[in-house]
Amino acid sequence: MATEDPGLAIATPAAPGPGDDGALGTHAMETAGMSVFYGSFRAVKDVSLKFRDHKITALIGPSGCGKSTVLRAFNRMNDLIPTARVEGRVLFHGNDIYEESVDPVEVRRRVGMVFQKPNPFPKSIYDNVAWGAKINGYRGDMDDLVERSLRQAALWDEVKDKLDQSGLSLSGGQQQRLCIARTIAVKPEIVLMDEPTSALDPVATLRIEELIQELKKHYTIIIVTHNMQQAARASDFTAFLNMDEDRAGQVIEFGVTAEIFTRPQRKETEDYITGRFG
């Protein structure tokens, strides 16, 4: 059965069999030979990855290797950079999100993004969560949607008595959870997170990590992190990226997180996760 949305037709793929990694089109998101260019410079090259439904995948690697560029390609945020272009395929449930017929705004609704620095709007806590639903024409019970989203973001109990206060009045960790609530309020299927705890203290960081574990019950999570301990603790799968001789980022190794961190297949991976470079 197919679900039709303006600008993005999504077909539900058949489930792969036991032990089957799945053919192209059977994962929440996949890339096939994806390269991203800024003008003539190739920032990342030949990225081929498959992201499983309701799992957390971490993208790790040294600064400048293209992790955030790869992440932004998954919901066409790179479109906002005039010189950027993408080659290869980025498939969302088997549909190439870079086809000319696909509406990038609809892609970003289905594939949400949480940024490195908390960026609540200068609006009330309530309006921060309700904003995306409003502009997408939501006609349900807005109070219920706001409460449900804040509960999923583990923030409701802390703000339920001050929903009319500015989102900017919250602490850094609370602001990031508010941004997560705002992202999930529009009911995406995938949530992208670009170093979501790098600006937070250790207590707030742990709270976000615990929240991510809860969120994967409902969403597929792809997270960029520089924190090796966080990747080891919080993710199910890990992709290690590094630069080649042309300074283009590429995937060196991808696999189950426990195996990547305990039995890496590539020396470059071992050197990075043990702190020998990066």
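All figures in this text were calculated on a predicted structure; none of them were measured in a lab.

Caption draft 1: Focus on the pattern of salt bridges. For the structure on display, the rule yields 17 salt bridges. For Arg151, the salt bridge is made with Glu147, and the minimal N-O distance between the two is 2.9 Å. On the criterion of helical spacing, the pair formed by Arg151 and Glu147 is a turn pair, its members being 4 residues apart in helix α4 (residues 142–152). Here Arg151 falls in the partly exposed class, since its relative accessible area comes to 47%. For Glu209, the salt bridge identified is with Arg233, shortest N-O distance 2.6 Å. You can see Glu209 sitting in helix α7 (residues 202–215) and its partner Arg233 sitting in helix α8 (residues 228–234), a full 24 residues away along the chain. Salt bridges here are not isolated pairs; linked through shared partners, they connect Glu106, Arg109, Arg110 and Glu189.

Caption draft 2: Fine view of the nonpolar core. By size, the foremost hydrophobic cluster in this structure holds 40 residues, and its most contacted members are Ile60, Leu150, Ile180, Met193, Leu215 and Ile221. Once you skip the residues sitting within four places of it in the chain, Ile180 turns out to touch Val114, Ala153, Met193, Ile208, Leu211 and Leu215.

Caption draft 3: Quick peek at the side chain of Glu209. The exposure class of Glu209 is buried, given its relative accessible area of 5%. Contacts of Glu209, omitting those with residues within four sequence positions, involve Gln230 and Arg233.

Caption draft 4: Region of interest: α7. For α7, which comprises 14 residues, the first-to-last C-alpha distance of 20 Å matches the rise-based estimate of 20 Å (1.5 Å per residue) to within 8%. Burial in α7 covers these residues: Ala204, Thr205, Ile208, Glu209, Leu211, Ile212 and Leu215. Angular distribution of buried residues about the axis of α7 spans 160 degrees; they occupy a single face of the element. Along α7, exposed side chains directed more than 90 degrees from the buried face belong to Pro202 and Val203. Tucked into the core, α7 has its buried residues touching β5 (56–60), α4, α6 (172–184), β9 (190–194), β10 (220–224) and α8. Capping the start of α7 is the job of one residue whose side-chain oxygen sits 3.0 Å from the backbone nitrogen of Val203: Asp201.

Caption draft 5: Up close: the packing of aromatic side chains. A full pass over the atoms with the stated rule returns 4 aromatic pairs. Ring geometry for Phe51 versus Phe74: centroids 5.2 Å apart, planes at 65 degrees, classification edge-to-face. Separated by 23 residues along the polypeptide, Phe51 in strand β4 (residues 41–51) and Phe74 in the loop between α1 (67–73) and β6 (84–92) bring together distant segments of the chain. With respect to class, Phe51 is no different from Phe74; both count as buried. Aromatic pair Phe240 and Tyr272: ring centres 5.1 Å apart, planes at 25 degrees, arrangement stacked. Residue Phe240 is located in strand β11 (residues 237–243), and its partner Tyr272 is located in helix α10 (residues 267–273); the two are separated by 32 residues in the primary sequence. In this structure, Phe240 and Tyr272 share a single accessibility class: buried. Over the ring of Phe37 we find Arg85, and its NZ or CZ is 4.1 Å from the ring centre. Directly above the aromatic system of Phe121 lies the positively charged group of Arg182, at a separation of 4.2 Å from the ring centroid.

Caption draft 6: Up close: the pairing of β10. When you tally the buried positions in β10, you get 5 out of 5 residues, the bulk of the element. The two faces of β10 match: Thr220, Ile222 and Val224 on one face and Ile221 and Ile223 on the other face are all buried. Bridge count for β5 against β10 is 4 bridges, and the pairing is parallel. Along β10, the bridge assignment pairs Thr57 with Ile222. Judged from the 5 bridges that link them, β9 and β10 form a sheet pairing that is parallel. Note on β10: the bridge partner recorded for Leu192 is Ile222. With α7 bridging β9 and its parallel neighbour β10, the resulting β-α-β unit is right-handed.

Reading guide: rules and limits
Residues numbered from 1 in each chain as written. Predicted model: local features only at pLDDT ≥ 70, side-chain atom pairs only at ≥ 80, totals over all residues. Heavy atoms only, no water. Salt bridge = Lys/Arg side-chain N within 4 Å of Asp/Glu carboxyl O. Helix = DSSP H or I, 4+ residues; strand = E, 2+ residues; numbered from the N terminus. Buried < 20%, exposed > 50% of the residue type's maximum accessible area, 1.4 Å probe, protein only. Core = buried A, V, L, I, M, F, W, Y, C linked by side-chain atoms within 4.5 Å. Contact = heavy atoms within 4.5 Å. Expected span 1.5 Å × (residues − 1). Arc of directions from axis to C-beta. Polar contact = N/O pair within 3.5 Å; in protein donor to acceptor, adjacent residues only side chain to side chain. Phe/Tyr/Trp six-rings, centres within 6.5 Å; stacked < 30°, edge-to-face > 60°. Lys NZ or Arg CZ within 6 Å of the ring centre and 35° of its normal. Pairing = 2+ DSSP bridges. Right-handed = clockwise from strand over helix to strand, strands pointing away.

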